[in-house]
Amino acid sequence: MAVTVADPEPGAPHQPPPTRRFPRAWLLRLAGALVSGFAYYLSFAPRPLWWLAPLAFAGFALVLRGRTFRGAFGYGFAFGFVFFLPLLTWLLDFLGPDFGPWPWLGLSFALALYHGLAGGLITWVSRLPGAPLWAALVFIALETPRAWFPFGGFPWGRVAFSQPEGAFLPLASIGGAPLVGLAVVLSGFGLAALAARLWDVRKLTRPAVFAAAGTLVPVVAGLALWPTVGTGAQDGELTVATVQGNAPDIGLALQGERAVLRRNTIAESERLLDAIHAGKVPKPDLLVWPESATTVTGPDPQVDQLVANFGVPALVGALYVLPDGHIQNSVIAWDPHTGPGQRYAKQQLVPFGEYVPARKVAQLVTPFLDSETVDMVPGDGANQTMTAAGTEVGVFICYESAFDYPGRDAVREGAELLVVPTNNAWYGESEMSLQQLAMSRLRAVEHGRAVVVSAVSGVSAIVAPDGSVTSSTGLFTADSLVGRVPLRTQTTLSDRLGAWTEYGLLALAIAGVAGGLVLRFRTRRASAGTAAGAAAD
C-alpha cells in the first residue's frame, strides 16, 4: 500500500525538513580527546618531540569547547587516562606478573581524575576575557595537589617534563617547572582559540589577537631567554667520574641481589681505576656511585681501600642501616683518608618501593608483605649539600627529581654542582630511565647547574647547565663516565622565587574559577530576568 504525504493547505508557510543533528558527535569528541592524550604521551622522552605537547593541548581545548562541566570532565579523564597508561607501563616491570595490571591501571585511573577535574573546571573559566590563559592556569594548578596525593604525591608526567629541550626550556630558569608547563599549555590553548576564530572570519576581532598572543608569546619568550641561560664556569671546573655497575634482574627481584649490585659496582670501579692508571681517561676529582650500590652497617674496609686507591673523595650511594635496624636510602661522602663522613638521606620515598602506604590494607591484596618487610625511614633534609673535592655538591636521589624542592634547597644552601644517584634497574628496558633523565635536564636549566646522573644500570649521564647531555651510557651495561663540569654560583630567578611561582599560579587559577562562577551566575540571572520580562509582555 502506498503512503502519500498530504499537500500543505493553500497559503500555509512552507516548513523545511528538520535538520538531523549528528547523533554521535560525542564519539568524535572522545576520539579527539584520546588522540590528543596519546600525542601528549608521545611528546615525552625518549622521543625528542617536545613540540607535540602544545599541539596535543590544542586538540584537547577544541574537544572541550562548548561542553558542560560533566562532559568536559569525561573528556578530560579520557585525555589523561590514555596519556598515563603508556607513560607508566614501567610499573609492570617493577611489580612483575604476580601483581598483574591492577596497580598500573589503578594509578593511571587515579591520576587521570586530575585531568578530568581540570577539563570540568576549564568550562567555568571559558567565558572570561583571556580564556586560554585562565584555562592553562587551571590545568597547571592541578599539578600541585598531584604532588601531594595519592601516596604522598606522584608528580610523574608533569607538563614541564616533556620539555628537556626546545623553545620552552629556558623558562625554567625564570619560574621552574610550573612556568614551563604553563607556557606549553597556554600555547596550545591559544592555538585552539585562534583556530576556532579563523574558522569564522567574522570573529577576527580583538579576542583573535589575544588568542594569537597566547600562542606566540610563550614560544617567543622562551627563545628570547636562551642567550641568558648561563653555562660557563664561575668557580672553576671539576672532573667527575660516575660508575655504572649494572644489575642482573629487574623489578622486585632486585631485593635479593644487593650483594651482586655491590660486586658489580666495585668491579666497574676497579676497571675505571685501571683505565686511569693506563692513561686512557683522566683522573677524576670526584667519584660518584649510584643509588643503593652497597649496604653500610658499620666499618667497610673494602670501600675504604677502593676510595683510597682512587685518592679522591667519593659520593657513595648506600642503604644505611640505622642502630635500630631501620634503613635509610643515603649518599655518603667518603674521604680517601678518613673514610665515611657526611650523609644525606632520601626525603621523598617511593610508595610501594621504599615504604608501603596503608600497610594493613595492602596486606590484603599482596603476598609480598609480611612481618619481615620494613619501611625505609625518610631523611630530614640534613646534609643535602656536602663538601667534596673542595666543592659544595647538592644531592637528591632518583624519585626526588620529580619534586621541585630538593634541587632548589640544595642550590639555596650553596651547591655549585648537582648529583643524582639513581637505581632504575627496577624498571627494566622501559622508557622510565629516559623520562627521569629528562627531569634532570630540566633541573639543570632551572638551577643553572651541571647535573651528574649516576645510575645502577643506566642511563647515567653528564648534563650541562643548559640541559644538553654531554655524555651518557646505555641501559643494562657496565660502564663509567668521566667528564669535566663547570662549577656555578649564580642563583637563577627561579631559585630566588622558589615555591612562590607555583603558589602564585595556583592562586590565580583559584581566582579565575571563582570569577568564572560569578560570571555564570550573573549570566543565568540575566537570562532568567529576560525570560520573565518576555513572558509578562
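Scroll up to find the structure.
Conventions adopted
- Residues numbered from 1 in each chain as written.
- Predicted model: local features only at pLDDT ≥ 70, side-chain atom pairs only at ≥ 80, totals over all residues.
- Heavy atoms only, no water.
- Helix = DSSP H or I, 4+ residues; strand = E, 2+ residues; numbered from the N terminus.
- Expected span 1.5 Å × (residues − 1).
- Buried < 20%, exposed > 50% of the residue type's maximum accessible area, 1.4 Å probe, protein only.
- Core = buried A, V, L, I, M, F, W, Y, C linked by side-chain atoms within 4.5 Å.
- Contact = heavy atoms within 4.5 Å.
- Pairing = 2+ DSSP bridges.
- Axes fitted to C-alpha atoms, helices over the stretch in contact; angles between N-to-C directions.
- Patch = residues over 30% accessible without salt bridge, like charges linked within 9 Å, V, L, I, M, F, W, Y side chains within 5 Å.
- Areas by Shrake-Rupley, 256 points an atom, 1.4 Å probe, with all protein chains shown as cover.
- Salt bridge = Lys/Arg side-chain N within 4 Å of Asp/Glu carboxyl O.
- Parallel < 35°, antiparallel > 145°, perpendicular 65-115°, else oblique.
- Nonpolar A, V, L, I, M, F, W, Y, C, P; charged D, E, K, R; others polar.
- Right-handed = clockwise from strand over helix to strand, strands pointing away.
- Lys, Arg positive; Asp, Glu negative; His and termini not counted.

(A) A look at helix α1 (residues 25-42). Spanning 18 residues, α1 covers 26 Å between terminal C-alpha atoms, matching the ideal 26 Å at 1.5 Å per step. Turning to α1, its buried residues are Ala33, Ser36, Gly37, Ala39, Tyr40 and Tyr41.

(B) Fine view of the nonpolar core. Counting residues in each nonpolar core, the largest one holds 82 residues, and the members touching the most others are Tyr40, Phe57, Leu88, Phe139, Trp156 and Phe189. Counting residues per element, this core draws most heavily on helix α8 (residues 172-198), at ten residues. In contact with Tyr40, not counting residues within four places along its chain, are Ala53, Ala56, Phe57, Phe79, Phe83, His115, Gly157, Arg158 and Val159. In this structure, Val288, Ala333, Ile397 and Val485 belong to the second largest nonpolar core, which totals 22 residues.

(C) Spatial organisation of the sheet that holds strand β7 (residues 385-388). Sheet architecture is open: six strands sit in the order β7-β8-β9-β10-β11-β12, paired in mixed fashion. On the outer flanks of this sheet lie β7 and β12 (469-472), each paired with one strand and no other. Mean inter-strand twist for the sheet, computed between neighbouring axes without regard to direction, equals 25°. Here three bridges tie strand β11 (residues 461-463) to β12, and the two strands are oriented antiparallel to one another. The partner of Val463 across the bridge, within β12, is Val469.

(D) Quick look at a nonpolar patch on the surface. On the surface, a nonpolar cluster with roughly 270 Å² of combined accessible area is contributed by Trp51, Leu55 and Leu191. Along the chain, Leu191 turns up in helix α8. Taking relative accessible area as the criterion, Leu191 reaches 30% and is therefore assigned partly exposed.

(E) Examining the pattern of salt bridges more closely. Inspection of the entire model under this criterion finds twelve salt bridges. In this structure, the salt-bridge partner of Arg443 is Asp404, at a minimum N-O distance of 2.9 Å. Of this pair, Arg443 sits in helix α14 (residues 432-447) while Asp404 sits in the loop between β8 (391-395) and α13 (405-412), placing them 39 residues apart in sequence. Asp404 carries the same exposure label as Arg443, and that label is buried. One network of salt bridges, with partners in common, ties together Glu143, Arg158, Asp404, Arg443 and Glu446.

(F) Up close: the packing of α8 against α14. Packing of α8 against α14 leaves a shortest axis separation of 8 Å and a crossing angle of 140°. Taken as axis vectors, α8 and α14 run oblique relative to one another. Listed contacts from α14 to Ala172, Ser173, Gly176, Ala177 and Val180 of α8 are Leu442, Arg443, Val445 and Glu446. In terms of residue class, the contact of α8 with α14 is made up of five nonpolar, two polar and two charged.

(G) Examining the pairing of strand β10 (residues 451-455) more closely. Burial analysis of β10 places five of its five residues in the buried class, the great majority of the element. Of the two faces of β10, the one holding Val451, Val453 and Ala455 and the one holding Val452 and Ser454 are both buried throughout. For strand β9 (residues 417-422) and β10, the ladder comprises five bridges, and the chain directions are parallel. Across the sheet, Val419 pairs through a bridge with Val452, a residue of β10. With α14 bridging β9 and the parallel β10, this β-α-β connection has right-handed handedness. The pairing of β10 with β11 spans three bridges and is classified as antiparallel. The residue bridging Val451 from the neighbouring strand is Val463, located in β11. Turn length for the β10-β11 hairpin, with the two strands adjacent in sequence and antiparallel, is five residues, and the turn residue Gly458 shows positive phi of about 100°.

(H) Region of the structure containing the environment of Val159. Examined against the element boundaries, Val159 turns out to sit in the loop between α7 (143-146) and α8. The class of Val159 is buried, set by a relative accessible area of 0%. Along the chain, Val159 and Ser43 lie 116 residues apart, while their C-alpha atoms are 9.6 Å from each other. When neighbours within four sequence positions are excluded, Val159 is seen to be in contact with Tyr40, Phe57, Phe139, Ile140, Glu143, Gly181, Val184 and Val185.

(I) Representation of the side chain of Glu502 in the model. Counting through the fold element by element, Glu502 comes out in helix α16 (residues 500-536). Buried within the structure, Glu502 lacks any salt-bridge partner; its nearest side chain of opposite charge belongs to Arg158, at an N-O separation of 5.1 Å. Once you skip the residues sitting within four places of it in the chain, Glu502 turns out to touch Thr144, Pro178 and Asp404.

(J) Up close: the pairing of strand β6 (residues 339-345). As paired strands, strand β5 (residues 327-335) and β6 are joined by five bridges and run antiparallel to one another. Across the sheet, residue Val331 finds its bridge partner in β6, namely Tyr344. Hairpin connection, β5 to β6: the antiparallel pair is bridged by three residues.

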